[in-house]
Amino acid sequence: MKRVIALLCLFGLVAAACGGGDDSDEPIKFGFLNGQTGDYGPWGAWALWAAEVAVEELNAAGGVLGRTVELVVEDNGSTPEGAVSGYAELTDVDGIDALGGIESDGMLAVFDTVHEQQLPTICSTCGTTELDTTGGDYVFRIIGSDTDNGIIGAQVARDEGYDNVAMLVELSEGTISPADVFKTVFTEQIGGTITEDVRFDAGRSSYSAEVARAFDSGADAVYISVGFETGVPILNEWKRRGYSDVPLILTTDLLSPDIAAVVGEVEGASAVVAAAAYDTEGNPAWDAYVPRFEAKAGDPPEIGFYDAWQYDQYIILGLAMEKAGTTDGAAVAAAIPQITNPPGVEVFTYASGLAELQAGNEIDYHGTTSNMNLNAVGNLQSPVMAVSAVTDGSWQVRDYVELDPTLEKPSS
Amino acid sequence: MTNPVFWVGVLTLALIYGSLAMVLNVESGWGGMWDLGVAGLLASGAYCYIILGIDDPDLGTRFVPGLPMWLAWPLAAAFTGLVALAIALPSLRLRREYFLITTLAFAEIIRQIAVIQADLTRGTTGFSSLDRPFDTLVEPRDYNYVLLGIVAFAALVVYLITRRIGTSAYGRTLRAARDNEALALALGKRVNRMRIKTFVVAGVLIGAIAPLYLFYIRAITPQLFAPGITFTIWTALVIGGIGSIRGGLVGAVVLIVFTEAVGLIEVDPQYINILVSIEPFLVGLLLVLVLRFRPDGLISERNAFGTRAGRRARRVPA
Amino acid sequence: MQNIVFGIVTGSTLAVATIGFAMVYRTENFLNIAHAQMMALGGFIGVVLVDSYGWNIFAAGAVTVVSVGALGVVVAAVFFRPVRHLGGTVLLFTSIGVSLMLYAVIIALFSTQARFYPVGFGGRYEIAGVNVLTADLVIVGLAFASIIALQVFLNGTGLGRAVRATASNGELARVRGVPVGRVSNTIWFISSAFGAMAGVMIGVLSSVNAEIGWHHILTVLAAAVLGGLRSISGVIVAGLLLGIVMDVSVLYIPSAYRPVVAFGVLVAVLVLRPEGLLAVQRRKEAAVT
């Protein structure tokens, strides 16, 4: 029986492989290359739901260039090797017209290939500092850099009046990178002291010893940069072991309901997340996105799952392709900053953007996560940053904050 | 059918794994050393090659040697041989499961050092935009064919070297010592020394193959060298046939082509859980079925060496 | 002192996780990589019962342990027994194949999202300046209770004695008329059940996701080998010791270097005491000369 299934699958792949071609009746294909399994697996479903919401919106408005849009999903297993082979499959077999969804390490592996093949690519959730200076031609990033996240953490530590801070850092690229910036800025530019810098690999059966070492170091506050599946047990320790009078500074990954639930149970606890945020205040794009995401996912959007960025990227790609009037990669990539930046009529949805473009107007797309204005190297000019705290068992934005211009990006 | 460029990439990866599996066969298949630390040796070669070639001080590393590729490559192979020696000296006092866990531990140590020593390795960020051989001579779009040529040439060289080892008196002694150590010792063979030598030779070869893997990935981070890659190489060897000269190569081509072909299955994104579970399920099933119905692998050692080696599969670890 | 308590908790779960692995090694003569996927499966079944169906944690744990134990018997009958005569190498790689298939089933059934046990057990005590939670006590207590129960079973019942006879000399046991099939089923049931229990414990202490099987197999392997693979008491001591060393070393070693030091210690112990921590007569087996 199992061999029959295997055989059926082989037939399936032959049939799938016979597609292709450049017929203009064919749908436009947007690639979604993402870690559905492996270390990024816990985020995978949220990312995909948001991408699907976006593609449904594009098709509901009549598609792009009058053609329907198809989302081609490929799992990269959260590894660079998976990113390389998944990318090859998306471009060589499926013939995608644009790419989204990919994470930092996979992005860096396919970066050169993307440029050689002139494939418009949006890196919706790449924090890596490597992209701080290298994008803008074919690769665009619509989320704040880890540099920004590290600086905002240090800035908040300063503003809260903490002099001595301990750190708990998981050993992975996405968590080390903002933590290193935080540490440098906090010690060298703000003059604070790191009482303890505890770094550990994920997947341990408990984190009691690490938590004790950080919290027993006499710090005014503890900075925690970990993935959320590690964050829940760590905060449980914080709560149960009686450390809950020590304030916490958390990173974006921890803006999840599970974390809020833990923090919410503690009377008078102080835990703030100083990080990238969704742009929720009076933003029509956000208001339109939330109910549709909730209908698909069964849960409201969560910053810690990075869903809304996955949504924004496909709206941008759709509008840019419409603006370029072609699927040609170079033209579409060139159109991306044109539709995200002023001048132009400010638009918040694909349908309104499409209408303005068809009326011959310039547009300035404003997404669910920021105004999307990009600088010359394809980075956000002003990512939305906020300090969030737990109220009534869920994360609420306390203040939107701007990066203090006196704090500088540390040289590597 | 499908764009051939895709299968060129798949074949490139398969041949890289095939080369590694053929080398693994020398130490594990013939030498009887259950090496679960291939990832560590691969990491040593890859990082040595990359670090020796750093020519941009802006990358923020402590050393900027800027060696040309043709010099960094053999040095990386030699360095990996030294690492192999350092691992072999203590580990080869152990056998079977004990050797296996020791080599695995060394591989993890090497990977963790790559994470921690960020001033040498750039930590978890690693390096990207790597130079590749002959990349200035052809259009980027055609480079995949060039890389396939390079990798195929390398696989041929590895095949010839391992065949030479396998059919030589040295190779026969190695297998004899694996099957009956007491006898080999009684015949005056210096078994332990021979095994160390074999392990170091395997290290040099793995170090020489490592840059090819980087040319395929085009980036390097410590995560590339997680234990998973060792298991893939082992799986390829087991499917192809432990102990046969070509087994690793055949097994790798079967495994990688099968994996990528399975990846071509299209499923509605709604059933994403099913989609992403198909690949590990079918690869696992392939392994189970091959072992059930062809326990010696697709090409058995017996076929590779006539009847000389005899049937080995019954050997139960001590 | 505080960290020793942490270490005992970590070590108890590790010991529970490793016992089943070592039992299979002892009787079936191979390293069963799929054991860790049984842990993951246990963690998931438990969290679904508790979180989605609102079961009591102990009831959920019991059902999980029994059902995964039964699954272990089925997996052994379908996948391992047919290739048993082919030896340890084939069995080892078959178990890697089975791991991949179980991993696939876990993703298909439970998806890749992380899950958390909504149980706290409340309660925190200060005993001589040491911070102890009810959860710590429950976990350590359950671990030891089940280990003792296992010993009672092995020493005090006919079936248990047959298991021990098979473990010490399979051929002899067969000749003497030990019910081989029943013994083998018992071993697989106990092994997988202990794996599932460890999975639930790890889930309660931290979290459950599809990758936890792969994350924990290395530690289990290390504890099993350190314990000398064949001795159950060795495995328990090794598990506890490894747990304590890991948690106490946090105090003395720059934390980033800890994995390096942990594996370094493992290598050193193996090289210096290749027969494992406890065993004395098995030197020949592990050392080449």
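What counts, and at which threshold
- Residues numbered from 1 in each chain as written.
- Chains lettered and ligands numbered in written order.
- Predicted model: local features only at pLDDT ≥ 70, side-chain atom pairs only at ≥ 80, totals over all residues.
- Heavy atoms only, no water.
- Helix = DSSP H or I, 4+ residues; strand = E, 2+ residues; numbered from the N terminus.
- Rg over C-alpha atoms; globule rule 2.2 N^0.38 Å.
- Buried < 20%, exposed > 50% of the residue type's maximum accessible area, 1.4 Å probe, protein only.
- Contact = heavy atoms within 4.5 Å.
- Areas by Shrake-Rupley, 256 points an atom, 1.4 Å probe, with all protein chains shown as cover.
- Lys, Arg positive; Asp, Glu negative; His and termini not counted.
- Charge placed at Lys NZ, Arg CZ, Asp CG, Glu CD.
- Arc of directions from axis to C-beta.
- Salt bridge = Lys/Arg side-chain N within 4 Å of Asp/Glu carboxyl O.
- Core = buried A, V, L, I, M, F, W, Y, C linked by side-chain atoms within 4.5 Å.
- Buried area = accessible area lost by both parts, 1.4 Å probe.
- Nonpolar A, V, L, I, M, F, W, Y, C, P; charged D, E, K, R; others polar.
- Patch = residues over 30% accessible without salt bridge, like charges linked within 9 Å, V, L, I, M, F, W, Y side chains within 5 Å.
- Right-handed = clockwise from strand over helix to strand, strands pointing away.
- Pairing = 2+ DSSP bridges.
- pLDDT = per-residue confidence, 0-100.
- Axes fitted to C-alpha atoms, helices over the stretch in contact; angles between N-to-C directions.
- Polar contact = N/O pair within 3.5 Å; in protein donor to acceptor, adjacent residues only side chain to side chain.
- Disulfide = S-S within 2.5 Å.
- Parallel < 35°, antiparallel > 145°, perpendicular 65-115°, else oblique.
- Domains from an automatic or database assignment.

A short note on the overall build of chain A
And step 1. If you tally the helices and strands in chain A, you get 13 helices and 14 strands.
And step 2. Against the globule reference of 22 Å for 412 residues, chain A gives a C-alpha radius of gyration of 22 Å, in line with a compact fold.
And step 3. Dimensions of chain A, computed from C-alpha atoms along their principal axes, come out at roughly 65 × 60 × 40 Å.
And step 4. Across the 412 residues in chain A, those meeting the buried criterion constitute 64%.
And step 5. Contacts in chain A between residues at least 24 apart in sequence constitute 69% of all its contacts with a sequence separation of at least 6.
And step 6. Working note: accessible area of chain A is about 13,400 Å², and carbon and sulfur atoms make up 48% of it.
And step 7. Taking the 18 positively charged and 64 negatively charged side chains of chain A as two groups, their mean positions are separated by 7 Å.

Some details on the overall build of chain C
And step 1. Each helix and strand in chain C was counted, giving twelve helices and two strands.
And step 2. Counting from the amino terminus, helix and strand elements in chain C follow one another as α-α-α-α-β-β-α-α-α-α-α-α-α-α.
And step 3. The C-alpha atoms of chain C give a radius of gyration of 19 Å, which matches the 19 Å a tight globule of 289 residues would have.
And step 4. The C-alpha extent of chain C, read off along each of the three principal axes, is 55 × 50 × 35 Å.
And step 5. The long-range share in chain C, meaning contacts at least 24 apart out of those at least 6 apart in sequence, stands at 75%.

A closer look at helix α6 (residues 158-168) of chain C
Residue and element names in this part refer to chain C.
And step 1. Those residues of α6 lying buried are G160, A162, V163, T166 and A167. One side of α6 holds all its buried residues, which, seen down the axis, span an arc of 160°.
And step 2. Residues of α6 that are buried in the fold lie against α1 (2-28), α5 (134-156), α7 (170-175) and α8 (180-205).

Comments concerning the pattern of salt bridges
Residues and elements named next belong to chain A.
And step 1. All chains considered together, the criterion is met by 23 salt bridges over all chains.
And step 2. A salt bridge links K296 to E56; the nearest nitrogen and oxygen atoms lie 2.8 Å apart. Note that K296 is positioned in helix α10 (residues 284-297) and E56 in helix α2 (residues 41-60), a separation of 240 residues in sequence.
And step 3. For K296, a relative accessible area of 29% gives the class partly exposed.

Things to note about the nonpolar core
And step 1. Membership of the largest hydrophobic core comes to 194 residues, with the highest contact counts inside it found for B:I220, B:F225 and C:I19.
And step 2. In contact with B:F225, not counting residues within four places along its chain, are B:A39, B:L42, B:A43, B:A46, B:Y47, B:R111 and B:I220.
And step 3. Formed by 138 residues, the second largest nonpolar core is a distinct cluster that contains A:F30, A:V222, A:V262 and C:A114.

So, the interface of chain B and chain C
And step 1. At the junction of the two partners, chain B supplies 48 residues and chain C supplies 49 residues.
And step 2. The contact between chain B and chain C buries some 4,300 Å² in all, and 75% of this surface belongs to carbon and sulfur atoms.
And step 3. The interface formed by chain B and chain C holds zero salt bridges in total.
And step 4. Looking at the side of chain B that touches chain C, the elements that each hand over two or more residues are α4 (96-116), α10 (227-240) and α12 (272-293) of chain B.
And step 5. Residue composition of the side of chain B that touches chain C, grouped by class: 32 nonpolar, six polar and ten charged.

Some thoughts on a nonpolar patch on the surface
And step 1. Taken together, B:W70, B:L71 and B:L75 make up a surface patch of nonpolar side chains, about 320 Å² in accessible area.
And step 2. Looking at where B:L75 falls in the secondary structure, it is placed in helix α3 (residues 69-91).

Examining the pairing of strand β10 (residues 271-276) of chain A
Residue and element names in this part refer to chain A.
And step 1. Among the six residues that make up β10, six are buried, leaving the element largely enclosed by the rest of the structure.
And step 2. Following the chain from strand β9 (residues 248-250) across helix α9 (residues 257-264) to the adjacent parallel β10, one finds a crossover that is right-handed.
And step 3. Pairing geometry for β10 and strand β13 (residues 385-391), over five bridges, is antiparallel. From the neighbouring strand, A274 faces β13, where its bridge partner is V387.

Comments concerning the confidence of the model for chain C
And step 1. Looking at chain C, pLDDT values average 86 and 93% of them are 70 or higher.
And step 2. Every residue in residues 279-289 of chain C scores below 50 in pLDDT, and together they form 21 contacts with partners more than four places removed in sequence or on other chains.

Quick notes on the sheet that holds β13(A)
All names here are of chain A.
And step 1. The seven strands lie next to each other as β7-β6-β8-β9-β10-β13-β14, forming an open sheet whose pairing is mixed. This sheet does not close on itself; its edge strands, each paired only once, are β7 (193-200) and β14 (394-401). Between one strand axis and the next, the sheet turns by 25° as a mean value, whatever way the strands run.

What about the interface of chain C and chain A?
And step 1. Facing 39 residues of chain C, the contacting portion of chain A comprises 33 residues.
And step 2. Carbon and sulfur atoms supply 53% of the area that chain C and chain A bury against each other, a total of about 2,900 Å² over both sides.
And step 3. On the chain C side of the contact with chain A, C:F6, C:Q113 and C:F116 bury the most area, a combined 19% of that side's loss.
And step 4. Here chain C is connected to chain A by one salt bridge.
And step 5. Note that C:D136 is salt-bridged to A:R241, the shortest N-O span being 3.0 Å.
And step 6. Between chain C and chain A we count six residue pairs in polar contact (both at pLDDT 80 or more) in total.
And step 7. Contributing elements (two or more residues each) for the side of chain C that touches chain A: α1, α4 (88-110), β2 (130-133), α5, α8, α9 (212-226), α10 (232-252) and α11 (258-272) of chain C.
And step 8. Its residues assigned to classes, the side of chain C that touches chain A shows 20 nonpolar, 14 polar and five charged.

Here's the deal with the state of the cysteines
Residues and elements named next belong to chain A.
And step 1. Taken as a whole and judged by the stated rule, the model has one disulfide over all chains.
And step 2. In this model, C123 is linked to C126 through a disulfide, with the two sulfur atoms separated by 1.6 Å. The same class applies to C123 as to C126, namely buried.

Some details on the packing of helix α3 (residues 80-93) of chain A against helix α9 (residues 191-217) of chain B
And step 1. One can describe the packing of α3(A) onto α9(B) by two numbers: an axis separation of 9 Å at closest approach and a directional angle of 50°. Classed by the angle they form, the pair α3(A) and α9(B) counts as oblique. Touching A:P80, A:E81, A:V84 and A:S85 of α3(A) are B:Y213, B:Y216 and B:I217, all from α9(B).

A look at unusual backbone geometry
And step 1. A:P343 follows A:P342 through a cis peptide bond whose omega is 0°.
And step 2. Among the secondary structure elements, A:P343 is positioned in the loop between α12 (329-340) and β11 (345-347).
And step 3. Its identity as a non-glycine residue notwithstanding, A:D392 has a phi of 50°, on the positive side.
And step 4. Relative to the helices and strands, A:D392 is located in the loop between β13 and β14.
And step 5. Of the residues examined, A:D392 reaches a relative accessible area of 81% and is grouped as exposed.
And step 6. Despite not being glycine, B:R122 has its phi angle at roughly 60°, a positive value.

A closer look at the domain arrangement of chain A
By a widespread convention, an interface's size corresponds to the accessible area lost as its parts come together.
All names here are of chain A.
And step 1. Segmentation of chain A into domains returns domain 1 (27-143 + 306-365) and domain 2 (147-277 + 385-401).
And step 2. When each unit is reduced to the centre of its C-alpha atoms, the spacing between domain 1 and domain 2 is 31 Å.
And step 3. Counting residues at the interface gives seven residues for domain 1 and ten residues for domain 2.
And step 4. For the pair domain 1 and domain 2, the summed buried area comes to about 750 Å², and 59% of that belongs to carbon and sulfur atoms.
And step 5. Where domain 1 meets domain 2, there are two residue pairs in polar contact (both at pLDDT 80 or more).
And step 6. Looking at side-chain class alone, the side of domain 1 that touches domain 2 contains four nonpolar, two polar and one charged residues.

Considering the pairing of strand β8 (residues 221-225) of chain A
Residue and element names in this part refer to chain A.
And step 1. With respect to burial, β8 is a largely interior element, five of its five residues being buried.
And step 2. Burial of β8 is two-sided: the residues A221, Y223 and S225 facing one way and the residues V222 and I224 facing the other way are all buried.
And step 3. Direction of pairing for strand β6 (residues 164-170) relative to β8: parallel, over a ladder of five bridges. Considered in β8, the bridge of A166 is made with V222.
And step 4. Pairing of β8 with β9, which is carried by three bridges, proceeds in the parallel orientation. Considered in β9, the bridge of V222 is made with L248.

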